[in-house]
Amino acid sequence: MRWPDKMDGNIPQASMEAETTAPSRFGRAGALLRVKHARLAGGLLAALVLIGLAVQFLIDRAAYVSTADARIASDMIAVSADVSGRITNVAVGEGDRVSAGDVLFTIDDREAVYALAELEAEAERLRAEIAREEMRVLLASSKAGSEVAARTAGTQSAAAALVAARSDYETAQRDFDRTQDLFDKGRVSQAALDQARNVLDTAEQAVHRAEAERERAAAEQRTASISGEEVRLIDYELAVLKAALQKAEARLDAQKVVVDQHTIRSPIDGVVDEVFFDAGEHSLHGFRMALLHDPDTVWVSANIKETNIRHVRPGADVIIKADAYPGVELKGHVSSIHDATIGEAALMPNPNASGVFTKITQRIAVRIDVEPANVQLRPGTMVRVRIRKASDNSAQG
């Protein structure tokens with residue numbers, strides 16, 4: 001019997017198929033086994049990753065209070081107009097950086113400038129009148145002083161003359177009495193008696209003239225004293241003018257403020273966020289004209305759940321991640337914690353008048369100061385914060 005040789009071309013087809021199928025079956029089984037092993041290893045790796053993430057999440061949750069309800073905040077300065085008028089110039093645009101004192105807007109100030117010039121002229125007029133009255137006081141005081149001195153001397157001279165006249169009269173009276181006695185005894189003539197009487201009458205008239213002169217001198221002295229009162233009256237008028245000048249200068253200073261108010265300047269070093277008026281428009285008193293903020297003084301405003309606020313304390317370290325800068329980690333610390341919830345601080349709190357109550361976890365605002373970094377934080381952009389929890393003792397303290 002002849003066995004078929006492998007080299008023989010007459011080998012049966014079934015024998016050849018059996019020989020080729022057996023190795024392919026073993027290969028597929030090995031491949032399937034290897035896939036199962038790979039899947040098992042992948043599943044174990046994924047489970048380990050999930051377990052690691054869960055452990056990291058639990059550790060992070062135990063050590064930090066996290067929230068995505070946080071954003072960059074800043075003091076937004078609304079620049080308003082103190083006067084109404086037509087805007088003649090807009091010196092800045094949105095996004096411009098400005099320094100404190102830089103001109104933002106100019107309002108038509110012609111009417112205010114004219115009023116200022118009028119007040120300046122009024123003040124100059126009052127100063128001129130004050131100078132004139134001061135000169136009058138100086139001259140009147142000098143003149144009154146001289147007149148009072150002269151009239152006083154005249155009064156004293158008239159008084160001395162009256163004393164002399166009275167002395168002469170008394171002498172003449174004694175001479176007349178002696179002559180009258182001698183005449184009665186027949187020792188002198190009638191002519192001698194008449195002469196003595198004439199001397200006596202003359203002395204009496206001299207006394208009357210001296211008395212009149214004294215009264216005139218006294219009247220002139222009183223007139224000179226009245227001239228001194230006129231100086232006091234000028235002093236009163238001068239005081240009134242000085243008061244009017246103070247009032248005019250106060251109005252002048254107030255008008256200078258009004259003129260300056262027509263130039264709207266930046267109150268801070270910062271960035272112009274919005275401009276609400278264009279040149280040619282009419283501004284109104286109290287209306288805001290531009291919105292600015294200082295990019296160097298920004299902070300994070302985070303809203304923390306009331307259930308976690310007990311773990312937050314001022315000074316706690318904070319890790320900040322800004323959505324605008326993926327992969328950048330910023331540092332900060334809690335600077336203040338509000339005492340009321342955001343709902344209580346709202347302009348229109350919900351009073352729940354319907355009677356249907358749904359409990360909602362309230363949030364409390366926390367301010368976080370950011371440490372300096374080489375990134376520009378813009379107000380309103382979102383961030384995520386992780387605040388390191390405080391211990392129970394420190395949280396209660």
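Let us look at the structure shown here. The model shown is predicted, which means the values in this text are computed figures rather than measured ones.

## Let's talk about the side chain of glutamine 255
Part 1: Examined against the element boundaries, glutamine 255 turns out to sit in helix α3 (residues 190-261).
Part 2: Here the side chain of glutamine 255 touches alanine 112 through a polar contact of 3.0 Å, landing on its backbone oxygen.

## Here we look at the pattern of salt bridges
Part 1: According to the stated counting rule, one finds 15 salt bridges in the structure shown.
Part 2: The partner of arginine 132 in a salt bridge is glutamate 133, with the nearest N and O atoms 3.2 Å apart.
Part 3: You can call arginine 132 partly exposed: its relative accessible area is 48%.
Part 4: Residues lysine 331 and glutamate 329 are paired through a salt bridge, measuring 3.3 Å at the closest nitrogen-oxygen approach.
Part 5: Relative accessible area serves as the criterion here: at 41%, glutamate 329 is assigned to the partly exposed category.
Part 6: The structure contains a network of salt bridges with shared partners spanning Asp69, Arg71 and Arg363.

## As for the pairing of strand β12 (residues 329-341)
Part 1: Pairing of strand β11 (residues 317-322) with β12, which is carried by five bridges, proceeds in the antiparallel orientation. Each bridged residue has a counterpart across the sheet, and for isoleucine 319 the counterpart in β12 is lysine 331.
Part 2: Between β11 and β12, which pair antiparallel one after the other, the connecting turn spans six residues, and glycine 327 there sits at a positive phi close to 85°.
Part 3: Of the strand pairs in this sheet, β12 and strand β13 (residues 363-370) are connected by six bridges, and their pairing is antiparallel. Its bridge partner lying in β13, histidine 333 is registered against aspartate 369.

## Things to note about the sheet that holds strand β4 (residues 97-98)
Part 1: The sheet built from four strands is open, its strands ordered β2-β9-β7-β4 with antiparallel pairing. Looking at the sheet topology across the chains shown, the edges are occupied by β2 (77-80) and β4.
Part 2: Where β2 meets strand β9 (residues 288-293), four bridges bridge the pair, whose relative direction is antiparallel. Residue pairing in the sheet places isoleucine 77 in a bridge with leucine 292 of β9.

Parameters at a glance
Residues numbered from 1 in each chain as written. Predicted model: local features only at pLDDT ≥ 70, side-chain atom pairs only at ≥ 80, totals over all residues. Heavy atoms only, no water. Helix = DSSP H or I, 4+ residues; strand = E, 2+ residues; numbered from the N terminus. Polar contact = N/O pair within 3.5 Å; in protein donor to acceptor, adjacent residues only side chain to side chain. Salt bridge = Lys/Arg side-chain N within 4 Å of Asp/Glu carboxyl O. Buried < 20%, exposed > 50% of the residue type's maximum accessible area, 1.4 Å probe, protein only. Pairing = 2+ DSSP bridges.

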